[in-house]
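Spelled out from the first residue to the last, the chains are:
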Amino acid sequence: DLYTYDFVHGYYDHMRYACSDAALDLDLPQSMMDEWEITIEGNVPNPYTAKLPDLIAEAEEAGVIVTKASKMVCDWNPTGGGGIGQTEITGIPVSWLIERAGGMTDGTNSVRCVRADGSSKSGIDVAKLEDNYLVYKMGGEYLDARRGFPCTNWVEGVDAQINSKQVASYKVTNEDIDYTDKWAGNPNAWHNENGDAMNKPNATILGIPDGLLIQNGEPFTFNGYVDAYDKKIASMEFSMDQGET
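Residues numbered from 1 in each chain as written. Predicted model: local features only at pLDDT ≥ 70, side-chain atom pairs only at ≥ 80, totals over all residues. Heavy atoms only, no water.

**Concerning the pattern of salt bridges**
Okay, step 1: For the structure on display, the rule yields 9 salt bridges.
Okay, step 2: One salt bridge connects Asp13 with Lys165, and the closest N-O pair in it is separated by 3.5 Å. Within this pair, whereas Asp13 is found in helix α1 (residues 11-19), its partner Lys165 is found in the loop between β9 (152-155) and β10 (167-173), the two being separated by 152 residues in sequence.
Okay, step 3: Residue Asp13 is classed as buried on the basis of its relative accessible area of 0%.
Okay, step 4: As a salt-bridge pair, Glu175 and Arg112 come within 2.7 Å of each other at their nearest N and O atoms. With a gap of 63 residues between them, Glu175 in the loop between β10 and β11 (202-206) and Arg112 in strand β5 (residues 110-115) connect regions that are remote in the sequence. (Salt bridge = Lys/Arg side-chain N within 4 Å of Asp/Glu carboxyl O. Helix = DSSP H or I, 4+ residues; strand = E, 2+ residues; numbered from the N terminus. Buried < 20%, exposed > 50% of the residue type's maximum accessible area, 1.4 Å probe, protein only.)

**Describing the packing of aromatic side chains**
Okay, step 1: One pass over the full model with this rule turns up 2 aromatic pairs.
Okay, step 2: An angle of 75° between the planes, with centres 5.1 Å apart, marks the rings of Phe220 and Phe222 as edge-to-face.
Okay, step 3: Judged by its relative accessible area of 34%, Phe220 falls in the partly exposed class.
Okay, step 4: We classify Phe222 as partly exposed; its relative accessible area is 40%. (Phe/Tyr/Trp six-rings, centres within 6.5 Å; stacked < 30°, edge-to-face > 60°.)

**A short note on helix α3 (residues 52-62)**
Okay, step 1: Buried within α3 we find Leu52, Leu55, Ile56 and Ala59. Viewed end-on, α3 has its buried residues packed into an arc of 100°, placing them on one side of the element.
Okay, step 2: Buried residues in α3 make contact with α2 (30-35), β1 (37-42), β2 (48-51), β4 (84-93), α4 (94-100) and β7 (132-138).
Okay, step 3: Backbone geometry just downstream of α3 places Gly63 in the positive-phi region, at approximately 75°. (Arc of directions from axis to C-beta. Contact = heavy atoms within 4.5 Å.)

Right under this line is the structure:
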């Protein structure tokens, strides 16, 4: 149930949404994954194109496939908002894909993820490559249409828009990108004109519909989240009386 912003990347996202269970509930053919190609190009000695299943098999044999719990959060997630989620991802480290091409040449500072329609959100700082994965499963299952079957880019610690769906290539470059800019995957929440974080830390309580009666003296289980983007939560405090206790 990981959230997805279907409107963010235009035409292809509308197509993905139309195939999803939220709309037409269509299954994309297995042949699409069988024939899907990934290209590694740009500032590498040995650029190549390979089919996704072959890369998965080779990565499995090399023992580099990563399966882990991972968080995705939108820079613009409002206070108490739902633009955040955690799931188990399974994918190939993009650093391994680049090593397969002979590594990066001198002067490289960015890796641009290009979608099947030829568009790209932004380059990824090479310092984030250790957190960058070509993901083909979530929660142990292959992706559905809405989440970018057969594969999606996934980078921890940056804005969710960098997680582009239906990846076709990674272009290793030396682009001049300001990674502190909020449009380039800044991981540090949304800031106002004074530089103050407006949604960091962020917390919400979920599953409490309007009109719910919670009985005095009876136990009640709260569900929700608390998050601080790239920082760990040290402690939490709760008050039911506007902070008196």
